[in-house]
Structures are given as C-alpha cells and as structure tokens.
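# Observations on the three-dimensional arrangement
Each chain, letter by letter, is given below.
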Amino acid sequence: MNEAVSRTRSAIEVHEVASEWDVVVCGAGVAGLTFALQLRQRLPGVSIAVVDRLERPLPRAAFKVGEATTEAGAWYLTEVIGIGDYLEQRHVRKLGLRMYFQGDTPGHSLDARPEIGVSRFLTPYAYSVDRGRLENDLRGLLEERAIHLIEGGNVADFQLAADDGAWHEIRIESKTGMRRLHARWLVDGSGRRALLRRRMGLTQHNPGYGSVWFRVATEIDVEDWVAPESESWHSRAGNGARRYHATCHLVGPGYWVWLIALPGGYTSIGIVSNGKDHPYTSFNTPDKCMGWIERNEPLLAAALQGHELCDFAKMPNYSYVTRQAFSASRWACIGEAAAFPDPLYGTGFEVIALSNSMTVNFIEKDFRGTPCAREIDAANRFFTQYCLGLTDAIQSSYDYFGHPVIATLKVLWDTLAGWLFNAPLLTHALYDDPEMRLRLRAETGRFYFLSRRLRRLMNEWSRAQTQMVRLEYLDFTRLPFFRAARQAGFRKEMDAATLLAHHRDSLALMERFTLVIFLLALADCRPGLLARVPDDLRLNAWAVGLDPGRWEVDGLLARDNPRHDLDDMLRPLLSMIRAPVLDRFLESEVVGG
Ligand SMILES: Cc1cc2nc3c(=O)[nH]c(=O)nc-3n(C[C@H](O)[C@H](O)[C@H](O)COP(=O)(O)OP(=O)(O)OC[C@H]3O[C@@H](n4cnc5c(N)ncnc54)[C@H](O)[C@@H]3O)c2cc1C
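Here we summarise the structure given alongside this text.

Cut-offs applied
- Residues numbered from 1 in each chain as written.
- Predicted model: local features only at pLDDT ≥ 70, side-chain atom pairs only at ≥ 80, totals over all residues.
- Heavy atoms only, no water.
- Pairing = 2+ DSSP bridges.
- Helix = DSSP H or I, 4+ residues; strand = E, 2+ residues; numbered from the N terminus.
- Axes fitted to C-alpha atoms, helices over the stretch in contact; angles between N-to-C directions.
- Buried < 20%, exposed > 50% of the residue type's maximum accessible area, 1.4 Å probe, protein only.
- Contact = heavy atoms within 4.5 Å.
- Polar contact = N/O pair within 3.5 Å; in protein donor to acceptor, adjacent residues only side chain to side chain.
- Near = heavy atom within 4 Å.
- Areas by Shrake-Rupley, 256 points an atom, 1.4 Å probe, with all protein chains shown as cover.
- Nonpolar A, V, L, I, M, F, W, Y, C, P; charged D, E, K, R; others polar.
- Domains from an automatic or database assignment.
- Salt bridge = Lys/Arg side-chain N within 4 Å of Asp/Glu carboxyl O.

Taken together, the eight strands give an open sheet; going across it, the order is β16-β12-β15-β14-β13-β4-β5-β22, and neighbouring strands pair in mixed fashion. Looking along the sheet, the strands with just one partner apiece sit at the ends: β16 (313-315) and β22 (473-475). Across this sheet, the average inter-strand angle for adjacent strands is 15 degrees, counted without regard to direction. As paired strands, strand β13 (residues 247-252) and strand β14 (residues 255-261) are joined by five bridges and run antiparallel to one another. Bridge pairing in β14 links His-249 to Trp-258.

With that settled, consider helix α3 (residues 71-80). Across the 10 residues that make up α3, a large majority, eight, are buried. All of the buried residues in α3 are Glu-71, Ala-72, Gly-73, Ala-74, Trp-75, Tyr-76, Leu-77 and Val-80. Of the surrounding elements, those touching the buried residues of α3 are α2 (30-42), α4 (84-90), β6 (126-128), α10 (348-367), α12 (404-427) and α15 (480-489). Of the residues flanking the end of α3, it is Gly-82, one or two places downstream, whose phi is positive at about 80 degrees.

Most of strand β4 (residues 97-101) is tucked away: four of the five residues are buried. Two strands pair when backbone bridges link them, and β4 and strand β5 (residues 115-117) are joined in this way by two bridges, in the antiparallel orientation. Counted as the bridge partner of Tyr-100 is Glu-115 from β5.

Within the fold, Thr-322 resides in strand β17 (residues 320-322). Here Thr-322 falls in the buried class, since its relative accessible area comes to 0%. Polar contacts involving the side chain of Thr-322 include one to the main-chain carbonyl oxygen of Gln-324, which spans 2.9 Å.

Not every one of the 35 residues close to the ligand is listed here, only the nearest: Ala-31, Asp-52, Val-65, Ala-68 and Val-155. Here an oxygen atom of the ligand sits 2.9 Å away from a polar atom, N or O, in the side chain of Lys-64. In this structure, Val-65 approaches the ligand through a main-chain N or O atom, which is 2.8 Å from an oxygen atom. Surface burial for the ligand is 95%, taken as the share of its 1,000 Å² of free accessible area covered by protein chains. In terms of residue count, the dominant contributor to the shell around the ligand is α10 (three residues). A class-by-class count of the residues in the shell around the ligand yields 14 nonpolar, 12 polar and nine charged. Each of domain 1 (3-61 + 132-204 + 322-396) and domain 2 (92-128 + 207-315) accounts for three or more of the residues forming the shell around the ligand.

Time to look at the pattern of salt bridges. Under the criterion given, the structure shown has 41 salt bridges. Between Glu-223 and Arg-243 there is a salt bridge whose closest N-O contact spans 3.2 Å. With Glu-223 in the loop between β12 (210-216) and α7 (231-235) and Arg-243 in the loop between α7 and β13, the pair connects residues that are 20 residues apart, well separated along the chain. On the accessibility criterion, Arg-243 (0% relative accessible area) is buried. The closest approach of N and O atoms between Glu-375 and Lys-365, which form a salt bridge, is 2.6 Å. One end of the pair, Glu-375, is in helix α11 (residues 373-395); the other, Lys-365, is in helix α10, with 10 residues separating them in the sequence.

Rendered as structure tokens:
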C-alpha cells in the first residue's frame, strides 16, 4: 500500500471511535455486498463499513427479485468475487433461456407452442439464485474478510463533503439509537431507494414497463404440462437436461412470464409487460394477477392450483438509468441505485458488475493519489450510454413477441451481441480503458447502424409477416456459430491486437447474421423477390429492407458489395426453421471475399 493509503489508515485508527471509514456502502444488497468484497480484494488495507436496514436471517426464496444471471453476470460472481464453487453447490445451474411463444389461442398445449432453448449446459455457466440465501452467505463472507457490517441500520440522512479535504457524513438510525459515520467515499448500493440518485434528481425514467412476481414452495415444471406420450417433445430437450432448470419464459404479444427454479424446490414466477397489450393495472394485485394468468396462460394457472403464494410484489415503471453514477467528489452509485434497464435477459448482475468494478477503480486511484476527474466524466458518459443502449436493445424485442420466428432471431441477435461486444468490456476491464474503447469503436462503430437497420427490417417484417416461415423447436446448441460466439466472447487474456481482431470478426459475424435474417424475412413475406438476390450473395447488410424500391438507392445489390458465404449459419438454422425457398442458397459454393 502506498503512502497515500497508509496515511488514510492511520487517520482511521486515530478516529475509530468517531466512526470514520475510508468507504461507507449504503445498502447490503447483492450490489453492495459484492462491491465490498471486490474492494477488499483490491485494497486490503482500506476500511469499509456496509450498512443495511435488514438484519439476518434474511428470508429464503421469497425475498428479492433478480434470481437469474446471464453468463457475464455469473462470470463476475465466479471470476471476480470468487464464489463459483459456492454457486455450484448452493444454487441452481441454469439451462439457459427457454421461451414458449403463444399460438393464436391462449391455452394451446405447450407442445404446440414454438419453443426455443438449449439442450445442454454450456460454459461459462449461468445460475439461478436464491437471493435470500445468497445475501445471507455474502454477509457472512464480509465478516470473514474484516468488512464491518452494520445490520438493522437505516441510513436516515447523509451530507456530502463540501470540499476535497472533508468527509461525507452518514446518519444511521437503529434500535439502539442514532450514530454518525464519516467516510472519504460514499457508495450508494441502496437499490431502488436510490439515496443519491433521488436526492440529486439524476433519474432518467423510462416509463411503461411493469412487473409483478411471487414465489411458490413447489417445483412448477413445464414438462408436467405435456403428456408423456408426446415422446419427441420430451426427448428433444436434451440428454437428461430438465427444462425445469432453464429460465422458462411463456411469451405472448407485449408480455412474458418467467418461471425460475430456485434451490430447495421453490419456483419464482413473474409477469412482465411493456404496458401496451397488457396494462400493468390488469395484473397488479394477487387476484387480478391470477385472473390474468387464467386468461393468458391457463396451463400455468392449472399448475398453480392448490399452491399458496409465498409472497406477492409489484413494480410499475421499473426501468430507469441515472445521469451520473460516479463523482470526483468521492461518491458513486452501484447496482439498481444506478440503473435498471430491463429484466428480459437478466442483465441486472451485469450492471452490478460494471458499476462495482468502475467504482473500485476510482477508489483505488483516489487512494493512490492519481487524479481522475476527467476520467470520471468519460466513465459517466460510457456507463449511462451503455445502460441506455442495453435498455433500448432489450425493450425493442417486446414488439416481436407476437411473432415467434422474428422474436427468436432477435433473441439470438441480442445474445450474440451481448457475448461478443459486452462480455469483453467486463472480462478485459475495457470499462477502465477509454483509449482501447476508442480503438475498438473505430473497428465496430458501424455495429450501431447495423442494429438500427436490423430493427427497421424486423419492424417491416412483423407488419408483413405471413407465417410461411415457421419454427417448432430451435435448439441453440445446434448452431455452431452460437457456441463459438459464447467461447469467443469469454476468451481469456486477449491482448490489444487479439481484441481488435475479435471485434472485427464479431462485426463480420453480425453482418452475415443480418443477411441471414434478411433472407428469412424475404422468404416469409416477399418470396418472389428472392429471385433478385444474387447467388454469390453480394449484399450490403447495412442496406437490408423489404421495400425493393429502395434496394438500388441504398446499395443493397451494388456490384462492389463483398460476397458472402452464409452456409455455416443458414444450414443449421434451416434444419430447425422451415423456409424451403432458401435451399437455393445452401447449394451455392461461394467463397467469401
Ligand atoms: C421485475 C424484475 C426482474 C428482475 N430480474 C432479474 C434477473 O432475472 N436477473 C438479474 O440479474 N436481475 C434482475 N433484476 C434486477 C435485480 O433485481 C437487481 O439487479 C438487483 O436486485 C439489484 O441489487 P442491489 O443490491 O442494487 O439492490 P437491492 O438488492 O435492492 O439492495 C439494496 C439494499 O439496500 C438496503 N437499503 C435501502 N435503503 C436503505 C436505507 N435507507 N438504509 C439502509 N439500507 C437501505 C435494502 O435493505 C437492500 O438490502 C430484476 C429486476 C426487476 C424489477
């Protein structure tokens, strides 16, 4: 530890009685707890106090929402926080995301609904977690690592330091009375209470999206909803893999319902809606919620018969992003105190990982005496843009939920983009390397325009779709490019040149995938136009669209477009998505160039 840090330490020892801390974290939710552990690893000599109004034991299962991690979220818990073995032993390994799209009539038997998912566990693993168990156990870890935990302490007020030499003051009320803590750094991990963000009016609201959820003390297993005689349906899930271990989503226009297997035989269930087709007020009480499930997901209603709800919670307008998460005046917001984009893919732990890691870096720099005010400005722009981008990308998917093939391709697109572009931000600490981010943006800045174009194409397709292109079951594990992207996005220790090459290759992959989607869209609603698509697939992915009147002016078919070989994507996809008119493109042996 350098001189600046040891100076702070001795100050703490002198002022221990007055409760002065290098860092005070308000809130011991999963963000505050993992943040404290990460900071302790990085700066063993720094004094840390974590305050939460809740005392142990925290309730099992029916506690907080946010029970399914993504691969990147799990990577953070495993590789950074170091609790991989613990997750394996005490929580549930997740069999990916699984979706059942609504047919024309609610109540369709499950085996008649288009289904997507994975049939085996792929590395890196993701997990379904019992939040009560996780937070209980993380609190125990804090104590083992000499982090001071104040339970049953409500942060009633705080005063930010007036200048650089001063300390923040935090007023805490508990059963035993009131006490004041003084801190060089104030880290807000208070979740939606958002002590700092609210005080400073930093919230950018994204209204409309709402959710309710509850837990039942039984396994709700979708496999029980399909008769055993439907053998092909039962066996296609994979080699002994149980659908119960997937995060199952029952999807219909503008909504999805999650089913998450929790340890100990509990199931978490929640309804999420974009507020358009299914207003929040149509399911925001236990009675209305059960009525809604009866009308829209009767198979689930039947499975819930006779089971008491352990709890019921609700949240209208759940989505928001802060305008500022970090300050050179030595405060920061982490986890939900900073942002919550959307629950669809379970990116909550990713936001936690990013905000925690960035805050740890700034605190380290501060204690090492490295000025970083300008860096913090840039970091705020990066973090808010990241969260806003994530929100926009995820929530645009809701518009396609009534169209199984389009929604499937959008989920696949988002998943690939998440692994290829977002995961390296975390795994290679690119959040702390603005220069490298600039170099990468020079390589992949065009991805933004590609995704806008894709959205436009999907919007056109969803208006014109005929359902001639259909799917019954799409097993992502049978797509070699899906498996390869997962490995590529989580590759370890890429140096600058490898990272640049990875981003270049990833953009090329997304470009080819856009063309695959374009061909499927044509096959579905403009099959006659496929005749105009050249065999060597000299197409411009940034110009795809269903209006042939624009093809020439947009350069879709320009002669100097590169050739594309889509065989490695189209072939496995067409073995699961029915679009026979596209077989022609499988026969061509085209060399990429
Ligand atoms: C509908 C929905 C579904 C979601 N699904 C997922 C998912 O599948 N996967 C995923 O990764 N994320 C999901 N999330 C997000 C997930 O819930 C959050 O990322 C996560 O809970 C945030 O953790 P946190 O520690 O920031 O906040 P919290 O867990 O809320 O912790 C905040 C802590 O601060 C304490 N606190 C608050 N105010 C005070 C005070 N004044 N004094 C003292 N203590 C205080 C509280 O007691 C609490 O323990 C979902 C969110 C929603 C809304």
